[in-house]
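The primary structure of each chain is shown beneath.
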Amino acid sequence: MLDAGTTQRLEYVIRFFDRSEPMSNNPYNTPQQTFGSPLKPDVGDRMPGLNMVNQITIVAIFMFIQGALLMIMTALVFFYAFGLPALIRANPGNNPQQNLPEEVLTIMTTAGAIIGTFTLLLALMHFLAGYWAINFKGRIFGITTMLLGLAASMTFYCAPTAIGLAVYGLIIYFNVSVREAFRLRENGMEKSQIFHRFY
């Protein structure tokens with residue numbers, strides 16, 4: 001008389017050679033893993049994209065640099081608007097006919113004041129956008145700042161950095177993982193928790 005354990009083993013042997021019934025319930029089988037497709041680790045609610053999320057810090061640094069360049073540009077424009085006309089008025093030439101008319105000096109001052117004010121505001125926007133980017137805040141503000149920064153490229157002074165920042169920054173800001181990181185921050189999640197959320 002065979003006991004229950006021996007009977008069960010014989011049944012598995014018969015199934016193995018018969019091949020007519022799958023042995024999915026065989027307790028002696030070990031889980032098989034397909035080569036080339038390793039099992040994905042259990043990451044719970046974590047998401048891929050940590051490399052892209054980490055690059056937000058790089059974008060913020062570039063924004064600070066662009067803001068500093070715009071501040072230098074602002075200083076030069078204000079000198080052109082106010083300092084240069086003042087020097088011309090203080091040192092008239094020997095021939096009055098060769099001096100610039102007052103209307104021209106007024107146009108220089110007005111145009112320079114407008115351009116200088118715009119570049120000053122743009123520089124402050126870059127500083128603010130960079131600070132918010134480090135804290136995963138102001139995504140739309142950052143995108144707007146980079147797009148407006150392209151206007152500075154018309155002066156050819158900040159063209160390379162403005163175009164480079166816009167292309168690189170917009171790629172990062174429109175990334176799915178980066179958008180999710182900003183959304184989590186808006187919902188109150190801390191920065192350390194955001195970095196831990198991605199892998």
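The structure we're discussing is the one just above.
What counts as what
- Residues numbered from 1 in each chain as written.
- Predicted model: local features only at pLDDT ≥ 70, side-chain atom pairs only at ≥ 80, totals over all residues.
- Heavy atoms only, no water.
- Helix = DSSP H or I, 4+ residues; strand = E, 2+ residues; numbered from the N terminus.
- Buried < 20%, exposed > 50% of the residue type's maximum accessible area, 1.4 Å probe, protein only.
- Contact = heavy atoms within 4.5 Å.
- Axes fitted to C-alpha atoms, helices over the stretch in contact; angles between N-to-C directions.
- Parallel < 35°, antiparallel > 145°, perpendicular 65-115°, else oblique.
- Left-handed = near helix turned anticlockwise from the far one by under 90°.
- Nonpolar A, V, L, I, M, F, W, Y, C, P; charged D, E, K, R; others polar.
- Phe/Tyr/Trp six-rings, centres within 6.5 Å; stacked < 30°, edge-to-face > 60°.
- Lys NZ or Arg CZ within 6 Å of the ring centre and 35° of its normal.

Trainee: I tried to follow the overall build of the chain on my own but got confused; where do I start?
Mentor: Within the chain, the regular secondary structure consists of eight helices and zero strands. In the chain, the succession of α and β elements from N to C terminus is α-α-α-α-α-α-α-α. Counting only residues that meet the buried cut, the chain has 30% of its 199 residues in that class. Expressed as a percentage of contacts within the chain between residues at least 6 apart in sequence, the contacts between residues at least 24 apart total 70%.

Trainee: Just to check I follow, could you spell out the packing of helix α3 (residues 56-90) against helix α4 (residues 102-134) for this structure?
Mentor: Packed helices, taken two at a time, are described by their axes: the angle between them and the distance between them. The interhelical angle for the contact between α3 and α4, taken along N-to-C directions, is 165°, at an axis separation of 8 Å. Between α3 and α4, the angle is such that the two are roughly antiparallel. Like other packed secondary-structure pairs, α3 and α4 cross with a definite hand, here left-handed. Residue composition of the contact of α3 with α4, by class: 28 nonpolar, 11 polar and two charged.

Trainee: Help me out: how do you make sense of the environment of tyrosine 157 in this one?
Mentor: Within the secondary structure layout, tyrosine 157 lies in the loop between α5 (139-149) and α6 (159-173). Measuring from C-alpha to C-alpha, the distance between tyrosine 157 and methionine 73 comes to 7.6 Å, with 84 residues separating the pair along the chain. Apart from the residues lying within four places of it in its own chain, the contact partners of tyrosine 157 are Leu69, Ile72 and Met73.

Trainee: How should the packing of aromatic side chains be read in this particular structure?
Mentor: Aromatic ring pairs: the centre-centre distance and the angle between the two ring planes describe each pair. Applying the stated criterion across every chain, the model contains seven aromatic pairs. A ring pair is formed by phenylalanine 78 and phenylalanine 82, whose centres lie 6.1 Å apart and whose planes are at 40°; its orientation type is tilted. Here the residue phenylalanine 78 and the residue phenylalanine 82 both occupy positions in helix α3, the gap between them amounting to four residues, near one helical turn. When the ring centre of phenylalanine 174 is taken as origin, the NZ or CZ atom of arginine 139, which lies over that ring, is 5.3 Å away.

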